[in-house]
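# Report on the structure
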Amino acid sequence: MGGAMVPLEWYIGLSAVIFIIGVAGFMIRKNIIIMLMSIELMLNAVNISLVAFSHYLQDLRGQVMVFFIITVAAAEAAIGLAILVSLFKNKAAVHTDEIIEMKG
Amino acid sequence: MLPKLFFGYFAIVMIALSLAVITRRNPVHSVLWMLVLFFHIAGLYLFLNAEFLAAVQIILYAGAILVLFLFVIMMFNLKEELTAERFIGEWPIGVALGISILMLMFFSMSKITTGPPGQYTIEAIKAETHTKAIGKVLYTEYLFPFEIASLILLIAIVGAIVLAKKRG
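As a starting point, this report considers the structure included with it. Treat the numbers as computed from the prediction; the structure is a model and nothing was measured.

### Some details on the overall build of chain B
Broken down by element type, chain B carries eight helices and zero strands. In terms of overall size, chain B is more extended than a compact globule, its C-alpha atoms giving a radius of gyration of 21 Å where 168 residues would be expected to give roughly 15 Å. Within chain B, the fraction of its 168 residues that count as buried is 20%. Pairs at least 24 residues apart make up 49% of the contacts formed inside chain B by residues separated by at least 6 positions.

Rendered as structure tokens:
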């Protein structure tokens, strides 16, 4: 319907920009919660491009792939936040520069 | 013209919201901006004729994952967070790296060639309804990955409980 009147490249460009914002957020922030949210941002950017390709190629496989990505994102958020909770219990730290046990 | 204006609004707002997510000092504000961003992504899915995915986006991302983030943020000391430095010292390197990868993506975007279109035209999906069409593909062609997805969720449940429980 309406979506096909916009060139496919626009969707891919939007997806790329949001993905890169997620990458930059992951690299520059100190707070681990924001870093996890940046990962969610990247996964969502990929979802946008998959749905756009699915619409333009008239194939539902791309949208099925989005389901699996959402599943993995939910699992990743649950595990990541559980790791964060146990880290906070042991060290009371959420900043990456305070976690220096491995002397990296 | 109108679809392009519509897409332009979505693109500008979504990029601004993603920038807000990664730059806000208070993590609660970041989560709330991300909530607005997810609603916009759901709107874009509706625009691309993916109604079921739009509903899943709102129910799962906005309803479950973001609430999980909010719960965890409530456990942390926000007073300290509001005065601490937000970015690492080497942040210009991170931004430069991001911009260079973005350049690479935009240069390679002109080389995209799409394959032959599939059988699910908009009319075919409309005749069958979107949820039924996607369910058919999911439960026939992708049945095995679907089972693996359930296993991944099981591992997530067990792992989260094991990691978060008190040390015995």
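On we go.
### Quick notes on the overall build of chain A
Looking only at helices and strands, one finds three helices and zero strands in chain A. When the helices and strands of chain A are read in sequence order from the N terminus, they spell out α-α-α. The C-alpha radius of gyration of chain A comes to 17 Å, more than 25% above the 13 Å expected for a compact globule of 104 residues. Over its C-alpha atoms, taken along the principal directions, chain A stretches across nearly 55 × 25 × 20 Å. Counting across all 104 residues of chain A, residues that qualify as buried make up 50%.

### What about unusual backbone geometry?
For residues that are not glycine, phi is negative in most cases, and the peptide bond is trans in most cases. All names here are of chain B. Although it is not a glycine, Asn-49 sits at a positive phi angle of roughly 60 degrees. Its place among the elements puts Asn-49 in the loop between α2 (27–47) and α3 (51–75). Overall, Asn-49 belongs to the buried group, with 21 C-beta atoms counted inside 10 Å. Positive phi outside glycine occurs at Thr-129, with the angle close to 70 degrees. Classification of Thr-129 by C-beta neighbours within 10 Å gives exposed; the count is 12.

### So, the interface of chain A and chain B
Taken together, the contacts link 63 residues of chain A with 71 residues of chain B. A per-element tally of the side of chain A that touches chain B places helix α3 (residues 61–91) of chain A first, with 22 residues. Looking at side-chain class alone, the side of chain A that touches chain B contains 44 nonpolar, 13 polar and six charged residues.

### Concerning helix α8 (residues 143–164) of chain B
The first and last C-alpha atoms of α8 of chain B sit 32 Å apart over 22 residues, in line with the 32 Å expected at 1.5 Å per residue. Little of α8 of chain B is tucked away, with one of its 22 residues classed as buried.

### Description of the packing of helix α1 (residues 8–28) of chain A against helix α5 (residues 91–109) of chain B
One way to put it is that α1 of chain A packs onto α5 of chain B with a least axis distance of 9 Å and a crossing angle of 160 degrees. The pairing of α1 of chain A with α5 of chain B is recorded here as roughly antiparallel in orientation. Relative to α5 of chain B, α1 of chain A is oriented so that their crossing is right-handed. Where α1 of chain A abuts α5 of chain B, its residues Glu-9, Ile-12, Gly-13, Ala-16, Val-17, Ile-20, Val-23, Ala-24, Met-27 and Ile-28 of chain A lie against Trp-91, Gly-94, Val-95, Leu-97, Gly-98, Ile-101, Leu-102, Met-105, Phe-106 and Met-109 of chain B. Its residues assigned to classes, the contact of α1 of chain A with α5 of chain B comprises 16 nonpolar, three polar and one charged.

### Some thoughts on the packing of helix α2 (residues 32–56) of chain A against α2 of chain B
Packed helix pairs are specified by the crossing angle of their axes together with the interaxial distance, meaning the distance between the axes. For the pair α2 of chain A and α2 of chain B, interaxial distance at closest approach is 12 Å and the crossing angle is 5 degrees. By the angle between their directions, the pair α2 of chain A and α2 of chain B is classed as roughly parallel. Across the interface between the two elements, Ile-33, Ile-34, Met-37, Asn-44, Ile-48 and Val-51 of chain A from α2 of chain A touch Pro-27, Ser-30, Met-34, Ile-41, Leu-44 and Tyr-45 of chain B from α2 of chain B. Its residues assigned to classes, the contact of α2 of chain A with α2 of chain B comprises ten nonpolar, two polar and no charged.

### Observations regarding the environment of Ile-65 of chain B
Relative to the helices and strands, Ile-65 of chain B is located in helix α3. Sequence spacing of Ile-65 of chain B and Phe-76 of chain B is eleven residues, and the spatial spacing of their C-alpha atoms is 18 Å. Ignoring sequence-local partners within four residues, the contact set of Ile-65 of chain B consists of Glu-40, Ala-73, Ala-74 and Ala-77 of chain A together with Leu-60 of chain B.

What counts as what
Residues numbered from 1 in each chain as written. Chains lettered and ligands numbered in written order. Predicted model: local features only at pLDDT ≥ 70, side-chain atom pairs only at ≥ 80, totals over all residues. Helix = DSSP H or I, 4+ residues; strand = E, 2+ residues; numbered from the N terminus. Rg over C-alpha atoms; globule rule 2.2 N^0.38 Å. Buried ≥ 20, exposed ≤ 12 C-beta atoms within 10 Å, placed from the backbone. Contact = placed C-beta atoms within 7 Å. Nonpolar A, V, L, I, M, F, W, Y, C, P; charged D, E, K, R; others polar. Expected span 1.5 Å × (residues − 1). Axes fitted to C-alpha atoms, helices over the stretch in contact; angles between N-to-C directions. Parallel < 35°, antiparallel > 145°, perpendicular 65-115°, else oblique. Left-handed = near helix turned anticlockwise from the far one by under 90°.

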